[in-house]
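# Topology and contacts: notes
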2 protein chains.
Amino acid sequence: MTWTISERAQKLTSSAIRDLLKVTERPEVISFAGGIPTPRSFPVDHMRAACDRVLSQDAHAALQYGPTEGYTPLRVWIADALSKHGTRIDPERVLITTGSQQGLDLLGKVLLDKGSSALVETPTYLGALQALKLSEPHFQPVPCDEEGPVLEGLAPLQLTAARMLYCIPNFQNPTGRRMTFARRCALLALAKAANFPIIEDDPYGALSYAGDEVPSIFSQDPEAVVYLGSFSKVLAPGLRVGYLVAPKALFPKLVQAKQAADLHTPSLNQRVIFEAVQGGFLDQHIPRIRALYAEQCRVMVDALQRELPEWVQYDTPEGGMFIWLRLPAGNDATPLLAHALQANVAFVPGATFFAEQPQTNTLRLSFSTPTPERMYEGARRLGGLIRQHCHPDERV
Amino acid sequence: MTWTISERAQKLTSSAIRDLLKVTERPEVISFAGGIPTPRSFPVDHMRAACDRVLSQDAHAALQYGPTEGYTPLRVWIADALSKHGTRIDPERVLITTGSQQGLDLLGKVLLDKGSSALVETPTYLGALQALKLSEPHFQPVPCDEEGPVLEGLAPLQLTAARMLYCIPNFQNPTGRRMTFARRCALLALAKAANFPIIEDDPYGALSYAGDEVPSIFSQDPEAVVYLGSFSKVLAPGLRVGYLVAPKALFPKLVQAKQAADLHTPSLNQRVIFEAVQGGFLDQHIPRIRALYAEQCRVMVDALQRELPEWVQYDTPEGGMFIWLRLPAGNDATPLLAHALQANVAFVPGATFFAEQPQTNTLRLSFSTPTPERMYEGARRLGGLIRQHCHPDERV
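If you're wondering where the values come from, they're calculated on a predicted model, not measured in any experiment.

This part takes up the overall build of chain A. Of the regular secondary structure elements, chain A holds 15 helices and 14 strands. Expected size for 396 residues packed as a compact globule is a radius of gyration near 21 Å; at 21 Å, chain A falls within 12% of this value. Taking all 396 residues of chain A together, 63% fall into the buried category. Sequence separation of 24 or more characterises 76% of the internal contacts of chain A that already satisfy a separation of 6 or more. Accessible area of chain A: about 14200 Å², with a carbon and sulfur share of 52%. Both charge centroids of chain A, one from 38 positive and one from 41 negative side chains, sit 4 Å from each other.

Structure, rendered in structure tokens:
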């Protein structure tokens, strides 16, 4: 059979990371390619107890269909947690999603027509590009500096044409960068002036282990921002429970899109998450996770400092799980990966994270899961390969 | 803020059923409006034990991200179960979805462009119309008789223009109709000749309690059909685990669309379902569910026979949870619902299930959950209201 595939599906490509991860499953490969939380951060016994309580006390509801918006007590808990940062958040604006990835799918459907302009950071989260791409927008990459996106770099028409700005202010995937408060405020002011919503994706916000925490853009004006949150990094990603908080103007359409997408997020999982966060559990658990990631980061940076040539640039992250390496211009990380895989070490070439005009001299390292020994050994191999295959001078 | 909403989202409307269900939550309302399984069919202790085994033996994987295609042992189990009906099914063609509703969203994305023709039954499942609508197709309703859709009623151009035919051959929502084997074969031959895939949605197939089971269209040619299955009616809908089995020509694109939609279906839930079906559990459990629904159906039909005027038409279902009432032409079930709600009895007006040209003289009754007493009392009230507000003669 040779059926007609939709235009949008023809444009879909398999994720480079996804294909790479199949290779890195081999135990001999030291992988800095993944972006998954360390299983050591999963509160296994606590989750099992939560699950058992739900299925002992509330089984019929946990096993039955539920409302599209989500389990009310969990929505209230999320609104209360977000309200601690300032503005009072209405639980009626919280929509539980099947992972925060689903929020991106819903927002593409509700905000983007074919050819609509979507502003994205340079570089940005690959999964967001994939989700939004199904609505066939025109991606408008926003130039970024060390503080975050520089909207002033865009022409006035590029701003007024935009239907949304998608950004990850905390410990961005892939760069690990935390956007400054000044830049957050500037983005908000410009977005309001040009009349488009900011989509603030915040999966890593809780994983802050150095420097001061910075208020979310959302906390500055919940009517101008759609906030995407997740329990994947603070409890467990395998439950696929995330949420979005949306302004009144968008909420009903997002609920309708959610209903069409999967009716609702699993009733059981929402209740297990709610049980798991009772009694202030995250107040004890998040510091433990932060300590884990802080130590992973410390070892990784130490390994890179020892093993990489000095002409490879990177910043020390203050949170999250990523380090972004910049080789001198004119180098290309994609052929470097081929050599790296032969040496049983893996990373993600940075080119895959650009909506347009990829900077091929970049690469993303994730340090969430390897042991210290493997981080040192992986950095040693990587340093050797870079010295062997890359040139230390800029060649544009 | 008054942001621009996408054209497709502007066309979205809240589900009439969804809004209605909020009213019918009041305990004094006897509701035939829902379409949810009876919680008496949920194997609660069995599910709790399955969940505990998963979190005792395989917690780290159950709480971690997983592959987009799904948990391999569950995919193999599904392929084996489907292979019992004839053709050998390859587990590599099974994609686990977040409920079979998600399969509809993915199929719309992969098969439909704006304006593409999608053939649907008359009437059909409202949730399918909602999911596919987000891809902005042109719905082409196919006339149906008591055996199923009559593709011969369409012009040749209408057939060759079609990108898909969506149908529910077993105990259709909303009509309760089971498509005959001859009609299934005729559809398959016509779809292959006109070169479009059949989307066979089969959530109710296991709930067969009278008459002979009929082979799926999929079993006759797995390369010409996308089959959608679900554990919602045989185990529990609250876990949101469904699946699709797709021909080679579509599978990779469906996986890419799934990855963009929610990365993967919850790892925990897939493992709990897999644990729950071990040891032939469904071979014992499905007969119990069938007996439950058979008895609910027997009581409902008896109640309708006693209480409805003879000029209201309906067929006795052989499976599933729906009865489709047809009032004489010229009557309208929507104002009847307003009277019914005042009398604390609810149903769904049939008009909502039509892609175009609604037959307003129809209504859907679900008999899955009410007690016998409430079915008799509900039918009594409904019969009285029909006598009071509807006319017994056809007035076109």
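From this point, the narrative continues.
Once that is clear, we can look at the relation of the copies chain A and chain B. If you rotate chain A by 180° and push it 0.0 Å along the axis, it lands on chain B with an RMSD of 0.0 Å. Between the two chains, the operation in question is that of a two-fold axis. Both copies present the same face, since 100% of the interface residues in chain A are matched by interface residues at the equivalent positions in chain B.

It is common to report an interface's size as the accessible area lost on association of the parts. Between chain A and chain B, the residue contacts involve 82 residues of the former and 82 residues of the latter. With both sides pooled, the region where chain A packs onto chain B buries about 7000 Å², and carbon together with sulfur makes up 60% of that total. For chain A, the biggest contributors to the area lost against chain B are W3(A), L63(A) and Y65(A); these three give 12% of the whole. For the pair chain A and chain B, the interface holds two salt bridges. Those elements that place two or more of their residues in the side of chain A that touches chain B are α1 (7–11), α2 (16–24), α3 (44–57), α4 (59–63), α6 (99–111), α7 (126–133), α11 (251–262) and α12 (267–277) of chain A. Here the side of chain A that touches chain B takes eight residues from α11(A), the largest share from any one element.

Time to look at the sheet that holds strand β2 (residues 94–97) of chain B. All names here are of chain B. Read from one edge to the other, the open sheet built from seven strands follows the order β2-β10-β9-β8-β7-β3-β4, with strand pairing classed as mixed. What marks the edges here is a single partner per strand, and that holds for β2 and β4 (138–142). Neighbour to neighbour, the strand axes of the sheet diverge by 20° on average, direction disregarded. Where β2 meets strand β10 (residues 242–245), four bridges bridge the pair, whose relative direction is antiparallel. Counted as the bridge partner of L95 is L244 from β10. The strands that helix α5 (residues 72–83) touches are β2, β9 (225–230) and β10; relative to β2, the one it contacts most, it runs at about 115°. Of the strands in this sheet, β3 (117–121), β4 and β7 (162–167) touch helix α7 (residues 126–133), which is tilted by about 150° from β4.

Right, let's get into the packing of helix α13 (residues 281–307) of chain A against helix α15 (residues 372–389) of chain A. Residues and elements named next belong to chain A. At a minimum axis separation of 9 Å, α13 and α15 run at an interaxial angle of 30°. The angle between the axes of α13 and α15 places the two elements in the roughly parallel class. Seen along the crossing, α13 lies across α15 with a hand that is right-handed. For the pair formed by α13 and α15, the contact residues are Q296, V299, M300, D302, A303, L304, R306 and E307 on the first element and P372, M375, Y376, A379, R380, G383 and R387 on the second.

With that settled, consider the packing of α6(A) against helix α11 (residues 251–262) of chain B. For the pair α6(A) and α11(B), interaxial distance at closest approach is 5 Å and the crossing angle is 105°. Here α6(A) lies roughly perpendicular to α11(B), going by the angle between them. Packed against α6(A), whose contacting residues are Q101(A), Q102(A) and D105(A), the element α11(B) presents Q259(B), A260(B), A261(B) and D262(B) at the interface. Residue composition of the contact of α6(A) with α11(B), by class: two nonpolar, three polar and two charged.

Bringing the packing of aromatic side chains into the picture now. Applying the stated criterion across every chain yields a total of 14 aromatic pairs over all chains. The rings of W77(A), F231(A) and Y243(A) are connected pair by pair, giving a single aromatic cluster.

Okay, the environment of T97(A) next. Residues and elements named next belong to chain A. With respect to the helices and strands, the residue T97 is situated in strand β2 (residues 94–97). According to the relative accessible area criterion, T97 is buried, its value standing at 0%. Each C-alpha atom, one on T97 and one on R240, is 8.0 Å from the other, the two residues being 143 residues apart in sequence. Not counting chain neighbours up to four residues away, the residues in contact with T97 comprise Q102, G103, L106, R240, V241, G242, Y243, L244, K258 and T265. A distance of 3.2 Å separates the side chain of T97 from the backbone nitrogen of Y243, its partner in a polar contact.

Residue and element names in this part refer to chain A. The end-to-end C-alpha distance of helix α9 (residues 181–194), which contains 14 residues, comes to 20 Å, matching closely the 20 Å that a straight helix rising 1.5 Å per residue would cover. Buried within α9 we find R183, R184, L187, L188, A191 and A194. One side of α9 carries all its buried residues, which in axial view fall inside an arc of 140°. Along α9, exposed side chains directed more than 90 degrees from the buried face belong to A182 and A193. At the C-terminal side of α9, N195 shows a positive phi close to 65°.

Turning our attention to the confidence of the model for chain A. Predicted confidence across chain A gives a mean pLDDT of 95, with 100% of residues reaching 70 or more. Per the prediction output, this complex has pTM 0.97; the corresponding ipTM is 0.96.

For the rest of this paragraph, the subject is the sheet that holds strand β9 (residues 225–230) of chain A. Backbone hydrogen bonds hold the strands of a sheet together, and the pairing may be parallel or antiparallel. Residue and element names in this part refer to chain A. Strand order in the open sheet formed by seven strands is β2-β10-β9-β8-β7-β3-β4, with mixed pairing between adjacent strands. Where the open sheet ends on each side, the last strands, each with one partner, are β2 and β4 (138–142). Within the sheet, the average angular offset between the axes of one strand and its neighbour, ignoring direction, is 20°. Running over the sheet, α6 touches β2, β7 (162–167), β8 (198–201), β9 and β10 (242–245) and is turned about 155° from β9.

Time to look at the side chain of T124(B). With respect to the helices, strands and loops of the structure, T124(B) is situated in the loop between β3 and α7. If we skip the residues at most four places from it in the chain, T124(B) touches L129(B), Y166(B), Q172(B), N173(B), P174(B) and F353(B).

Moving on: the environment of G211(A). Residues and elements named next belong to chain A. Turning to its location among the elements, G211 is positioned in the loop between β8 and α10 (217–220). Classification of G211 as exposed rests on a relative accessible area of 52%. Along the sequence, G211 and E318 sit 107 residues apart, while their C-alpha atoms lie 6.2 Å from each other. Contact partners of G211, with chain neighbours within four places excluded, come to R178 and E318.

What counts, and where the lines are drawn
- Residues numbered from 1 in each chain as written.
- Chains lettered and ligands numbered in written order.
- Predicted model: local features only at pLDDT ≥ 70, side-chain atom pairs only at ≥ 80, totals over all residues.
- Heavy atoms only, no water.
- Helix = DSSP H or I, 4+ residues; strand = E, 2+ residues; numbered from the N terminus.
- Rg over C-alpha atoms; globule rule 2.2 N^0.38 Å.
- Buried < 20%, exposed > 50% of the residue type's maximum accessible area, 1.4 Å probe, protein only.
- Contact = heavy atoms within 4.5 Å.
- Areas by Shrake-Rupley, 256 points an atom, 1.4 Å probe, with all protein chains shown as cover.
- Lys, Arg positive; Asp, Glu negative; His and termini not counted.
- Charge placed at Lys NZ, Arg CZ, Asp CG, Glu CD.
- Least-squares fit on C-alpha atoms with pLDDT ≥ 70 in both.
- Buried area = accessible area lost by both parts, 1.4 Å probe.
- Salt bridge = Lys/Arg side-chain N within 4 Å of Asp/Glu carboxyl O.
- Pairing = 2+ DSSP bridges.
- Axes fitted to C-alpha atoms, helices over the stretch in contact; angles between N-to-C directions.
- Parallel < 35°, antiparallel > 145°, perpendicular 65-115°, else oblique.
- Left-handed = near helix turned anticlockwise from the far one by under 90°.
- Nonpolar A, V, L, I, M, F, W, Y, C, P; charged D, E, K, R; others polar.
- Phe/Tyr/Trp six-rings, centres within 6.5 Å; stacked < 30°, edge-to-face > 60°.
- Polar contact = N/O pair within 3.5 Å; in protein donor to acceptor, adjacent residues only side chain to side chain.
- Expected span 1.5 Å × (residues − 1).
- Arc of directions from axis to C-beta.
- pLDDT = per-residue confidence, 0-100.

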